[in-house]
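The lines below spell out each chain.
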Amino acid sequence: MAVHEPAELLESLWDPAAGRKVWDRLASVNDPVALQALASSDRGRAVLNFLTFSPISLEKVCRRPELLEWLNHADVLNPKAVSQPSWRSDRSDLSFRDLRLWKSQEMLRIAFREITGLAGFAETTRDITAVAERCISEVYATCLEHLAGRTGGPKTGFGVLAMGKFGATELNYSSDIDVVFFYGEDGYLNPRVTYREFFRRLAEKIIQIFSATAEPLFRIDVRLRPEGSHGPLVRSLVSMENYYAGYGETWERMALIKARGVAGDRELLYEFNQRLQPFIFPRTVSVDLLDEIAALKARIEREIVGLEDLHRNVKLGYGGIREIEFIVQTLQLLHGARNAFLQERNNLKTLAALEQLQILPPDEVRLLTDAYIFLRAVEHRLQIQNEQQTHTLPPRREAWIGIARTLGYDQVDAFAQALLAHTSAVRSVFDRLLRSSEEGRKEAKRDLSAFADPENAARALIALQEGPSQVHVSPRTRRLYAKLEPELLSWCTRMADPDAALNRFVRFVDGYGIRGLLFETLLANPKLLELLIRLFDASAIFSDIVIRRPQLIEEVARGTTLRLTLSKQRFLEGLKRNDENLSSLDWVRVYRRSEVVRILLRDILGIASQRELELEMTQLAEAALEYCAWQLEKPNQVTVLALGKFGGRELLYGADLDVVFIGNDFSAGEQLIHAMGAKTAEGRVFPLDARLRPDGEKGVLVSSLAAYRDYFDHRAQFWEAQALSKARALCGPETQALNAAVAEIWSRWSAQRDAKEQIYKMYLRIVKERAKGDEFPHFKTGRGGLIGIEFLVQYLQMKHQVAETNTLNALERLADFLGSGEIEILRTTYSFLRRIESVLRRVSNSAVSQLPSHEDELRHLAVRLGFSDKKDFLHEYASHRSQAEAIIEEHLR
């Protein structure tokens, strides 16, 4: 039986439009009876709101439709501990399919209870932790039995320590589970295999099973072990004790506060806790402790968060979760040895103990408790949506509305105010306890006046000299850095945003590996230092790419192509080589990323002109598209028509490619869109936008050439024919025929008597609809902006039958129809505005069509464009726009 859409129920949802899509999706996979029960249930609205908010939960329910009814079951609605699995462990099954399904279902239950208000913070984090413990216990026991069954087992115990939020019984939805593996005593299983080797294999097997991609369990992170990623995966208890006694750092003391045994030999876990207690809670504490912890927090902000999302990262940013944890752990280190009540792993319980012992005032405990619960709730919602490990709110505030509603806020502004109030309260307590300890620290005399935050810059320079807390920096490395620092500061202070450039440089150095080798390289090659600092100033997103993959910058700098504008053929040759022997779809992404970084470096070093950069970016996009077309199941089945900036050979950073597919194989278009746009671990290539096809999004994806002609004969609108001014066929079996058809269609439509009137009306409509309010910042759609110049040029092209896809090239060919002064004004204005667009786009590798609204960002833009200040820039900007608009009005009106 068909189930009618419950209109009243859907209208009552947080987001009715999204809710309808969820209902339709559920209707496609669920039994009508189950849907009717949902619609009539008291919990129907809660279920639909939850599934609308969390796409990953919707996917779970669609994959297993029986879960929809289960969400209304007493097991879900009533508070209880984590359910016992309904299956019996099969110790011969190393796929753990039943465990994975159980974990997925339990996480759905926990998420549903929190989002619908059935569960609070304490229950939620307790239950997630219990699920993780169950998974660890099952996998450990099965792997131990499996491994010992083949080789026999050691006569000593093995322990799994939960660290971080896992140890504190406060796990998030998408947390890594931090663990440390260790064993009792060293010995030999047989003459060839030591206990350490046996337990290493055991630990590796556990990690391997947890990291399997199908129905994943949890990501295991073992970097909190002694010596971090560089240390052995497992150690004996004596080795652990010796390491912490001789080399343990403050951050490791803080980490061990949370350590809790969750699997293995219980006596061994107890012994570990007893032996390490004096290290975790020392009776005497260094006077530098507060300085170390404050510096560690500043380093986290700089290394992991960066200035761009400092106020959006609820975990590591300003007044975030980590600051509360640092406050609590600092007071535990200071007072824990004398007060056993403070030797607690859970943050909220420790805060209560700090109030009872009168170590923190009650009002500060209340502020920190409320903030902790609020921030963790925000963090949970960020992760519930897609079960991804994120702690950062989206850059656009309007995207916060879903989270705001689940927390009881109808408006984003009210939620944002609450967030700011909580983080400001946390930062005030943090500053009182920790920041004050930094006052009076003697620094070397440096001129840091060019930095917006000289204090933070000074800390960053100390970090470069001292290195991360867990890294030993040799005296030679310190001397190399001392020589490098003046040149580093010299370049930073010449940048538009010295603070961001320096912070990104510190992150680059910390992620590079061998600091001394890098400093030596930069001293021997000052041009490389300049290149890095210019990059770190110019683009946040490309800085992150290079910080994650330092070899990229070295490969480009060492290569021979930095000063060359590469052709499409050259790019195709590079793609065909596949130097890294990757799958074709991974390789095209790796190659594209490397080449875009090279083009960016040519840009910021001033090696190439704006037109050269646009041409090269277009050649790269064409080569990538043609390469992907070769990889289709049936190559050469579709012809690709390029339009817009792609057709005009005018691509910039972060561009989509406007295309139309001509042919008879619908699947070829879909496959090409997927090959170019699907996001893998290596990112995307260039996303394809096929909305300029006949009938737009409602039309078929692939049209025959005859159907394409017929569309322009009978149904097309004038603006669609105008768009063909930038159309050119790129590749495919009908390239020549398509180019001829496009030329004929464009020429025929150009002869319409009302062409001028149609183009002018469309121009005014765009100005009115897209540049709402003050159009001055809208350099693309405002009066005298890029669209206006393009429309004027296209009108003159159509009127005088000048076929040319590139705007500036077309302008040069219109010399007989415009005055030389007019052409110069339009050329310089168009180039100036395109340069603004390019500089703004490269920051985040995404489309931008207006000037920044923030004063600092506007000043940064002006400096990056070569102006001494924003006043001079805005004066020239306004002059260009007004002169161009006068010419547009004269010829189009």
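Presented here is a report on the structure given in the accompanying data block. Because the structure is a prediction, the values reported are computed rather than measured. For every chain, the first residue of the written sequence is number 1, and numbering continues from 1 along that sequence. Per-residue local features of the predicted model are confined to residues with pLDDT of at least 70, and side-chain atom pairs are confined, for both listing and counting, to 80 or more; whole-chain, interface and lining totals are unaffected and use all residues. Only heavy atoms go into the side-chain values, all of them from the structure, while hydrogens and water stay out.

1. Some points on the pattern of salt bridges
As a reminder, the rule being used: By definition here, a salt bridge exists when the distance from a side-chain nitrogen of Lys or Arg to a carboxyl oxygen of Asp or Glu is within 4 Å. Strands are runs of DSSP state E lasting at least 2 residues, helices are runs of H or I lasting at least 4, and numbering of each runs from the N terminus. Each residue gets one of three labels from its accessible area relative to the maximum for its type: buried under 20%, exposed over 50%, partly exposed in between, using a 1.4 Å probe on protein chains only.
Enumeration over the complete set of coordinates arrives at 62 salt bridges. Linking arginine 376 and glutamate 379 is a salt bridge whose minimum nitrogen-to-oxygen distance equals 3.1 Å. Placement of both arginine 376 and glutamate 379 in helix 18 (residues 362-384) is noted, with a separation of three residues, approximately one turn of the helix. The two residues arginine 376 and glutamate 379 agree in class, both being buried.

2. Overview of the environment of alanine 245
Structurally, alanine 245 can be placed in helix 12 (residues 237-247). Exposure remark for alanine 245: the relative accessible area of 69% places this residue in the exposed category. Separated by 34 residues in sequence, alanine 245 and phenylalanine 279 have C-alpha atoms that sit 6.9 Å apart.

3. As for helix 41 (residues 870-892)
Let me state the cut-off plainly: Here the expected span of a helix is defined as 1.5 Å times the quantity of residues minus one. Every residue pair with non-hydrogen atoms within 4.5 Å of one another is taken to be in contact.
The end-to-end C-alpha separation of helix 41 is 32 Å, in line with the 33 Å expected for 23 residues at 1.5 Å each. In this structure, the buried side of helix 41 is in contact with helix 36 (755-770), helix 37 (786-800), helix 39 (820-844) and helix 40 (855-864).

4. Remarks on the nonpolar core
Cut-off, in case you're wondering: In this description, a nonpolar core means a group of buried Ala, Val, Leu, Ile, Met, Phe, Trp, Tyr and Cys residues linked to one another through side-chain atoms lying within 4.5 Å.
Counting residues in hydrophobic clusters, the biggest one holds 126 residues, and the most contacted among them are Leu26, Phe181 and Phe210. The leading source of residues in this core is helix 9 (residues 121-151), at 10 residues. If near-sequence neighbours (up to four positions away) are discounted, leucine 26 is found in contact with Leu35, Leu38, Leu48, Leu51, Leu58, Val61, Cys62 and Leu68. Trp491, Phe508, Leu620 and Leu632 belong to the second-largest nonpolar core, a separate cluster that totals 89 residues.

5. Things to note about the packing of aromatic side chains
Rules: Pairing of aromatic side chains requires ring centres within 6.5 Å, counting the rings of Phe and Tyr and the six-membered ring of Trp. Pairs whose planes differ by under 30 degrees are stacked, by over 60 edge-to-face, and all others tilted. Geometrically, a lysine NZ or arginine CZ counts as sitting over a ring once it is within 6 Å of the ring centre and also within 35 degrees of the ring normal.
Evaluation of the coordinates by the stated rule reveals 28 aromatic pairs. Considering the side-chain rings of tyrosine 481 and phenylalanine 519, the 5.6 Å spacing of their centres and the 45° angle between planes classify their relative orientation as tilted. On the criterion of sequence distance, the pair formed by tyrosine 481 in helix 22 (residues 475-492) and phenylalanine 519 in helix 24 (residues 515-524) is long-range, its members being 38 residues apart. Note on phenylalanine 519: relative accessible area 0%, which makes it buried. Each ring, one from phenylalanine 832 and one from phenylalanine 867, has its centre 6.3 Å from the other, and the planes form 80°; the classification is edge-to-face. Of this pair, phenylalanine 832 sits in helix 39 while phenylalanine 867 sits in the loop between helix 40 and helix 41, placing them 35 residues apart in sequence. By the ring-pair criterion, three or more aromatic residues cluster together here, those being Tyr140, Phe158, Phe181, Tyr183, Phe198 and Phe199. Lying over the aromatic face of tryptophan 491, arginine 494 brings its terminal NZ or CZ to 3.9 Å of the ring centre.

6. Considerations on the pairing of strand 2 (residues 176-183)
Convention followed: If DSSP finds at least two bridges between two strands, the strands pair.
Strand 2 sits mainly inside the fold: eight of its eight residues count as buried. Here strand 2 shows a buried face lined by Asp176, Asp178, Val180 and Phe182 and a second buried face lined by Ile177, Val179, Phe181 and Tyr183. Taken together, the five bridges between strand 1 (residues 158-162) and strand 2 define a ladder with antiparallel strand orientation. Its bridge partner lying in strand 2, phenylalanine 158 is registered against tyrosine 183. For strand 2 and strand 5 (residues 219-221), the ladder comprises three bridges, and the chain directions are parallel.

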